[in-house]
Amino acid sequence: MAKLGGFEFWKKSLKEARFVVAPMVDQSELAWRLLSRRHGAHLCYTPMLHAQVFVRDANYRRENLYNEVCEEDRPLITQFCANDPEVFLKAALLAQDYCDAIDLNLGCPQMIAKRGHYGVFLQDEWELLEKMVRLANEKLSVPITCKIRVFKEVEKTVRYAQMLEKAGCQLLTVHGRTKDQKGAMTGIASWEHIKAVRKAVNIPVFANGNIHHLSDVERCIQETGVQGVMSAEGNLHNPALFEGCSPPVWEMAEEYLEVVKQYPPCTLSYVRAHLFKLWHHTLQIHQDLREDLAKVKTLEGLADVSKQLRLRCQEEIAKGKEEEEEKEGGLPFPHWICQPYVRPPPKEPVANGNSQGSEVKKTVCQKRALEDSDGTADTLSKNKQKKRSRNPNKNFCPEQKPKYIKCEQCGNPKVSHGLRFKTKAEKQKAEEDEKKEGSATETIQIPDPSPEPPL
Ligand SMILES: Cc1cc2nc3c(=O)[nH]c(=O)nc-3n(C[C@H](O)[C@H](O)[C@H](O)COP(=O)(O)O)c2cc1C
C-alpha cells in the first residue's frame, strides 16, 4: 500500500484520532496506554526512546518496543530523540514495523536533553532538522511526525512549523509552551500560537497544554481548529479524562494493576509512579500509606497498599465524610475521585501572548493550596521522587540542607577536595598533613543535585 501522508494518514491510519495520550518517559508504557485506550484515548505515543541506544542495543529495542507489541495498542506512534539524520533513520527503520508513525521529539527542555543535544535544544538548528525530517520522510515506510514547543514569537513559530512541513513532516504536535516554560516556570500554554500554526500548515495538528477536563478538549479544538488534543499530566491523574468522567481512584488503580498483571513485564518503578499520581490527594491525608507505597518492593505489595487506600476511602464514605472533604480540601471532588491536576502558577508571569490566561490562572491559584505544604509529592522532580521512594523520610527543604564549608583558597566546597586525590594513599597523606596544621577535612553530606524539571 502506498504510504499515506498528512490528512489521509490522520484519517486512515490514525482513524481521525482526537484524544491523544502524550509520550511520557517511564509513564506511557504499554499497560498505561491500554488503560487509557479503554477509557477513551484514540491514539498513544511510546515514551521517548534514544535513537542511538535503540540502534546499538538489541535489549533496549526489545524492552521498549518489540516486547510491547499488542493488537489492542494501535494506533501507536513511536517517539525518538535524535540529533543525527543517519542515526535517526536507522532507529526509525528498526521501529517502523511496530507502529503507525515515527515522531521526532523537539520539545524536551530538560538538562539531560541540553547535554545530549536533542529535544527543544535543536529548535534553532533548522538546517539539521530539515535534513533529519527529509531523510526520514524519503526512506521510511511510515510517516514522520514532530512534537515541538513554541517560540515566544508567533510568527517565528509559524515559520518553524512551515519549515518542518516542507521537509516532510506529516503531522505536528504543538506544545504551546516555550523552551523556558518548565519546572517552576511552566505556566499556561498558548493556544494562540497553536491556532496560528494550525492556520498556516496543511498537515494535521495536535494541540498540547492546558487540558484538564473533557470540556477543555472541546474548547481547544473549537478555539484553535486542531485535529486532536494531547494530554500528559491530565491523563496521568485521570486516565478517564477523555471519557468525560471522574471515576473513583481505586477503580482506575485496580484496573491498571490488572492490566499490568495481564501484560508482563512492567517495570515496578513505573507502576509505583502511576499509583502515586492517581492517589495524589488521598496520600496527603493518609501519610502513613504514602511511606508504605514508597517502600514496598513487589507488585503485590503495591496492590496491597492501593487496596488499603481504597478501604480507608470507603470507611470515610461510610462515615459520611464526603461533603466535609469537599468543603475542607477545596478540591472539586472528594480526594478519592480522579480529578484534574492543575499546575502551580509560574513564579513570574510568562509573556508568550496567550489569550486564555486569566481564567486558567484563577483556577491554578485556587489549586495552589492543594500542593503539599513541604513542596513534595508528585510536584517533586523525578530524581527527588526516586530518592523519596528509597528514603520516605528524606527532607527536600532547601533551608534545611547541610551547608558547605568553603575552602578559603579555592572557593569550592571543602568536601569536594576529596576528588583531588588519585589514590587513597595520597588522600590519607594530605589528611595527615592537614591534621598537623589543625584543619582536618569535615565530613559533610553532599546536597542533592539541582532538580530536573518535567519534560
Ligand atoms: C511524566 C512525564 C513524562 C514526559 N515524557 C515526555 C516524552 O517522553 N516525550 C515528550 O515529547 N514529552 C514528554 N513529556 C511532556 C508531555 O508530553 C507534554 O508535552 C507536557 O507534559 C505538556 O502536556 P500537559 O500539559 O498535558 O502535561 C512528559 C511529561 C510528563 C509529565
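Up top is the structure these notes are about.
None of these values were measured; they are calculated from a predicted model. Sequence order as written defines the numbering, with residues in each chain counted from 1. Where local features are concerned, this predicted model is filtered to residues with pLDDT of at least 70; where side-chain atom pairs are given and counted, the filter is 80 or more; whole-chain, interface and lining totals use all residues.

Some points on the site of the ligand
Spelled out, the test is: For each residue, a C-beta position is placed from the backbone atoms; the residue is near a molecule or strand when that point lies within 6 Å of it. Any residue outside Ala, Val, Leu, Ile, Met, Phe, Trp, Tyr, Cys, Pro, Asp, Glu, Lys and Arg is labelled polar, Gly included; the first ten of those are nonpolar and the last four are charged.
Looking at the ligand, there are 22 residues lining it, with Ala22, Met24, Met48, Ala232 and Glu233 nearest. Of the residues belonging to the shell around the ligand, the class tally is eleven nonpolar, nine polar and two charged.

Let's talk about unusual backbone geometry
This is how it is decided: Helix and strand labels come from DSSP, where a helix needs a run of H or I of at least four residues and a strand needs a run of E of at least two; each type is numbered from the N terminus. Counts of 20 or more other C-beta atoms within 10 Å of a residue's own C-beta define buried residues, counts of 12 or fewer define exposed ones, and intermediate counts define partly exposed ones; C-beta atoms are placed from the backbone.
With an omega dihedral of -5°, the bond running from arginine 74 to proline 75 counts as a cis peptide bond. For proline 75, the position within the fold is in the loop between helix H4 (58-64) and strand E4 (76-81). The omega torsion across proline 264 and proline 265 is -5°, close enough to zero to call that bond cis. One can find proline 265 in the loop between helix H12 (249-262) and helix H13 (268-278). Of note in the backbone geometry, histidine 117 takes a positive phi value of approximately 60° without being a glycine. For histidine 117, a count of 14 C-beta atoms within 10 Å gives the class partly exposed.

A few points about the pairing of strand E5 (residues 101-106)
We apply this condition: Strand pairing is defined by DSSP finding a minimum of two bridges between the two strands.
Counting buried positions along E5 yields six of six residues, so the element is predominantly enclosed. Of the pairings in the sheet, the one linking E4 to E5 comprises four bridges and is parallel in character. Bridging across to E5, phenylalanine 80 finds its partner in leucine 104. Where E5 and strand E6 (residues 144-149) come together, five bridges link them in parallel fashion. For isoleucine 102, the partnering residue across the bridge sits in E6 and is isoleucine 144.

Examining the nonpolar core
Where we set the bar: A set of buried Ala, Val, Leu, Ile, Met, Phe, Trp, Tyr and Cys residues, joined through C-beta atoms within 7 Å, is what we mean by a nonpolar core. Note on contacts: residues are paired as contacts if their backbone-placed C-beta atoms lie within 7 Å.
Counting residues in each nonpolar core, the largest one holds 109 residues, and the members touching the most others are Val20, Phe80, Leu172 and Val229. Looking at this core element by element, the count peaks at seven residues for H12. Contacts of valine 229, omitting those with residues within four sequence positions, involve Arg18, Phe19, Val20, Phe206, Ala207, Ile211, Val217, Cys220 and Ile221.

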